[in-house]
Amino acid sequence: MTDRLQLTRNCQFYKIKTKVSNLYIKSILDAAVDNMCKDGDFILNTLREKMEIEVDKRTVSCKVSVRVYPSEKKVYFFNGEIEDKIHAFIAIIEYGGYIGVIKKSCSNITSVTEQRLTLVDSSQLGATIDTNEVEFQKLTLRNITVSDKAMRTRSYEAADLKGLLSPHAAGRSIPSAIRYRDGSSIRSISGVGRFVEASPRSSLEDITKWVVSRIDSISTSQFVDNYLNTFAKKIALPDVLSSCIPIAILIEVNSLLDKIESDDCVVKYTPRYGGPIKVSERVCQRLIYGLEKVHEVIGSQYKVNGECDNTYLRINSNTITLLSNLLSRFKVTNNDDEYTLQRFIVKYGFYSVAFSDPKYMYFMGKCFEDTSGVSDIQGILDILIPKAELLKVNSEKGDFSSSSTSFSSKSMFKAVEEIHSNDDFIFCDDLGIEWADHITINQNEACINFIHSKHGDISTSASKLHDVVGQGIKNLGYVYSSEEAICERANTKFAGNYNINKQSTNISRVRKGVLSSLDSSIETLFKNYALHRKCILSCSFISKSLIEAEFKKIASGKKVKGHVIQLLWILSSFVHASKEANVIPVVYCLP
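All of these numbers come straight from a predicted model, not from anything done at the bench. (Residues numbered from 1 in each chain as written. Predicted model: local features only at pLDDT ≥ 70, side-chain atom pairs only at ≥ 80, totals over all residues. Heavy atoms only, no water.)

> Account for the environment of Ser520, naming residues and giving values.
Summarising the element assignment, Ser520 is placed in helix α15 (residues 518-526). Using a relative accessible area of 43% as the deciding quantity, one classes Ser520 as partly exposed. It is 58 Å that separates the C-alpha atoms of Ser520 and Ala248, two residues lying 272 residues apart in sequence. (Helix = DSSP H or I, 4+ residues; strand = E, 2+ residues; numbered from the N terminus. Buried < 20%, exposed > 50% of the residue type's maximum accessible area, 1.4 Å probe, protein only.)

Here it is in structure tokens:
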């Protein structure tokens, strides 16, 4: 009868810690069907049946266990003893030292799987992704903070998010949900280690082939150069505790409430005397109000300070759990499953712990380290674009006379104009209330460039870069100026000549292009869906090869001088600010 099964590709994977037997697999199945109707019979019941399938032109053998059965679900919108009759199933596929579990509407099996299996978490599933071949379409991120003044969770969505998130944003964020496109397949990974692939329902044999192929990927593929490595890094709890201590805990109340609502759970309270009673709306609101605060952790016993008396953190070998007398008196029930609220919060990881060193956080049962600034050193190096035109530069603007019609041949301003000689318009906006030193427009590339220039001797010093980065970030607000504002500026400031230090020149601020045609060109450009903006820093004092050598020392854990760290943070802040403003950051430099 298994040939009648039509399943979706929605699976959790486990690595087998110790050898499993018929009795153990049966115990998982028994736990899953704990919500079966009292008078119900199995529609399908198989235990570790051998299945041979063809995967990638080879025959593999695996074991498949399936149960399909009737269950009843309480109806909470009606005061009365009525129940919905539904059908539930669980399929367990054993192969290559791993187990894949596909289930629907079953009772919880965690207490049994924890005995001999280790859940393959989202970071391990992420390591199977070849980021050069996929498009990350959606990311939900948890920031490394428990502050009630900070944004804790963000969600991003785009055709492909690679390169759109800054190193700052990525390094301080923990991915809790990922959706990506791999060829024609849309796949997603959740924080609880669930792997889902959008597809039509398939036979048990086809689903088994899919599970086996995913297990092969998990056990063999480890992409080192992985886009997901730019995010906060998982780290062992003992390594964190060797240098710092827990100082605060936050209950993830929104996630907790979403889980209670989605699973149609009922919250009850057990008073000191008498049996459990359903929690009233008033008590529920008071409970939420108390839980959603950030609670300080004090003393060597890790006592949680707040409304919940006798609440402590318990530090285990690899996990942090919560002990609370008050939360233990609340019960969360769903069909035949019942947990204390304390156990429910711990089981699903609905809490975050902050440490005395703010770069660490405990979230969803794992410790993470903030890697902002060093997580995407290659991404920072990629914005450095060597330009041969800068090799001859010996000044920023050069010398002037009243008869000058262009900037000095060895000046930075002249080099910038040569680099952008193929653009349709080049304007010099230097001095006064400036948006940039140069603004250029390229119709074919549908791009507006805002260029800030700085000259100096070659160095890895951070001070010069700090000045030009500060100028670029300060003027990011002008990058999205309207059509009218750009045309008005052209007809006023750009209509005159460039004068400096009371020295008048014959250098037109319109360095290329016909001003009278700007209005129509801007109108066409702004209607182009591909229009994008760049903030460009042109720096003759930066050598990419020198910076690359120093940054790679940082990436490999070697010591570098303090100013090199500052240089990294300054460049990282420029990337962060630009990408947050939806602007492409670029730095012109020496080879």
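Let us keep going from here.
> Could you give an account of the pattern of salt bridges, naming the residues involved and the relevant values?
As enumerated under the stated definition, the model contains 22 salt bridges in all. Residue Arg58 is joined to Asp216 by a salt bridge in which the shortest nitrogen-to-oxygen separation is 2.3 Å. On the criterion of sequence distance, the pair formed by Arg58 in strand β3 (residues 58-74) and Asp216 in helix α5 (residues 204-220) is long-range, its members being 158 residues apart. Accessibility expressed as a relative area gives 31% for Arg58, which makes it partly exposed. The buried category is assigned to Asp216, whose relative accessible area is 16%. Arg179 is the salt-bridge partner of Glu157, the closest N and O atoms lying 3.0 Å from each other. (Salt bridge = Lys/Arg side-chain N within 4 Å of Asp/Glu carboxyl O.)

> I'd like a rundown of α5, residues and numbers included.
The end-to-end C-alpha distance of α5 is 24 Å, a good match for the 24 Å that 17 residues give at a rise of 1.5 Å each. Considered for burial, the residues of α5 that qualify are Leu204, Ile207, Thr208, Trp210, Val211, Val212, Arg214, Ile215, Asp216, Ser217 and Ile218. (Expected span 1.5 Å × (residues − 1).)

> Give me the lowdown on the packing of helix α14 (residues 483-491) against α15, citing residues and values where you can.
The geometry of α14 relative to α15 is characterised by a closest axis approach of 10 Å and an angle of 155 degrees between their N-to-C directions. The orientation of α14 with respect to α15, classified from their angle, is roughly antiparallel. In this structure, the crossing between α14 and α15 has a hand that is right-handed. Two secondary-structure elements touch here, α14 through Glu483, Ile486, Cys487, Ala490 and Asn491 and α15 through Leu518, Asp519, Ile522, Glu523 and Phe526. (Axes fitted to C-alpha atoms, helices over the stretch in contact; angles between N-to-C directions. Parallel < 35°, antiparallel > 145°, perpendicular 65-115°, else oblique. Left-handed = near helix turned anticlockwise from the far one by under 90°. Contact = heavy atoms within 4.5 Å.)

Geometric values such as these leave the question of function open.
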